[in-house]
Amino acid sequence: MECWSKPVYRELNAEELKKISVKSIDVDIRKKILENWDRIAKPLDSMGRFEKITAQIGAILGTDKISIGRRALIVFCADNGIVAEGVTQSGQNVTSTVAEMLGRGASSSCVLAKAVGADVFPVDIGVNGGRFFGVIDKKIRRGTENFALKKAMSEAETLKAIAVGMETADKLVMKGYKMIAIGEMGIGNTTTASAVTAALLKTDAEAAAGRGAGLCDEGLRKKKKIISSAIEKYGLYDADALTVLSSVGGLDIAGMAGACIGCAVNSIPVVLDGAISLAAALMAERLVPGVRQYLIASHKSREASAGLLAKALGLEPVIDADMALGEGTGALMLFPLIDTALSLYNNGLTFDEIGMEEYKRFGR
């Protein structure tokens with residue numbers, strides 16, 4: 001853990017955001033990596049999706065000699081004013097408690113990160129509390145507004161949060177990290193993520209909203225009604241992505257979207273966690289087209305919106321284990337699986353080495 005200096009924010013306005021572009025990943029390297037897999041002494045495509053994922057990683061990094069030795073998880077922590085509407089089982093104090101645990105290296109994600117060799121960088125981007133030892137201080141405001149009553153954030157605050165995500169990604173890239181996972185902590189953020197999802201995909205709250213950390217039936221009905229009312233109130237089916245984010249989103253979602261953009265600009269792969277990070281990833285893609293090439297979906301979250309978001313992004317989550325913990329834990333679970341696949345890619349014997357004729361391919 002480390003605590004960076006006082007908050008310093010890159011300037012970013014809506015016009016500058018529109019000018020950001022990302023380059024296409026290297027399709028020639030992707031093809032070469034898939035051909036390398038075919039030369040390893042095993043049945044063709046027998047490592048399944050991991051062959052495509054490793055090819056994607058190499059195409060992003062620009063090499064067929066793949067190494068992701070240094071990997072990091074960024075956890076954006078923020079509170080959401082919508083909790084005042086009774087759409088959560090617990091209160092905002094839980095966000096502060098977990099942020100403190102992240103700073104001490106004692107949270108669920110920190111424990112998993114130690115096991116998989118990843119460094120955790122918690123960022124306070126909008127917790128409704130004080131400052132936390134070991135947590136990067138980028139607090140923009142103490143939680144968002146209650147979007148049932150007024151827009152969650154101003155456009156300026158939203159852009160500042162996106163900039164924080166981009167800046168954090170930039171710093172980690174400069175430190176030599178080759179793969180970055182994103183996660184979040186913020187009570188109420190399944191409601192904000194569901195609202196963002198429904199608005200961006202032009203679907204109804206019934207399809208986009210789930211129980212989050214454990215809502216009862218009545219709470220879920222209320223959650224869906226609030227989301228539907230907000231979409232109508234702010235005209236979000238016809239709004240641009242930035243307006244959607246500022247109206248019903250959260251500072252954590254904006255920060256994760258910025259991190260996705262920052263990683264893509266720096267040609268670094270991004271490992272997504274569950275539904276909330278998927279919503280942030282779709283937001284990033286809508287704000288800066290092309291970001292999706294740099295995204296890897298770690299797991300199939302139990303949240304209702306996760307499947308819709310993955311499909312919209314053209315992603316196939318790897319792990320199907322009914323997880324819904326948050327904090328980037330699902331993303332961390334993918335790291336050792338990628339490591340294992342890369343160990344075979346980098347060290348597996350080829351057909352030439354064992355004196356056997358290669359399998360013939362009749363179309364990929």
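Worth saying up front: this structure is predicted, and the values here are computed from it rather than measured.

The rules behind the values
Residues numbered from 1 in each chain as written. Predicted model: local features only at pLDDT ≥ 70, side-chain atom pairs only at ≥ 80, totals over all residues. Heavy atoms only, no water. Helix = DSSP H or I, 4+ residues; strand = E, 2+ residues; numbered from the N terminus. Rg over C-alpha atoms; globule rule 2.2 N^0.38 Å. Buried < 20%, exposed > 50% of the residue type's maximum accessible area, 1.4 Å probe, protein only. Contact = heavy atoms within 4.5 Å. Areas by Shrake-Rupley, 256 points an atom, 1.4 Å probe, with all protein chains shown as cover. Lys, Arg positive; Asp, Glu negative; His and termini not counted. Charge placed at Lys NZ, Arg CZ, Asp CG, Glu CD. Pairing = 2+ DSSP bridges.

Glancing now at the overall build of the protein. Helices and strands together make up the secondary structure of the protein, namely 15 helices and six strands. Taking 2.2 N^0.38 as the reference for a compact globule, 364 residues should give roughly 21 Å; the C-alpha atoms of the protein span a radius of gyration of 20 Å, in line with that estimate. Expressed as lengths along the three principal axes of its C-alpha atoms, the size of the protein is roughly 70 × 40 × 40 Å. When the 364 residues of the protein are sorted by exposure, 57% land in the buried category. Long-range pairs, those at least 24 residues apart, make up 77% of the contacts in the protein with a sequence separation of at least 6. Summed over all atoms, the accessible surface of the protein reaches about 14,800 Å², with 51% contributed by carbon and sulfur. Between the averaged position of the 44 positive side-chain charges in the protein and that of its 43 negative side-chain charges there is a distance of 2 Å.

Bringing the pairing of strand S2 (residues 118-126) into the picture now. In terms of burial, S2 is a largely internal element, eight of the nine residues being buried. One ladder, built from eight bridges, connects strand S1 (residues 71-78) with S2; its direction is parallel. When the bridges of S2 are listed, Ile 74 appears paired with Phe 121. Examined bridge by bridge, S2 and strand S3 (residues 136-137) share two bridges and lie parallel to one another. Bridging across to S3, Asp 124 finds its partner in Asp 137.

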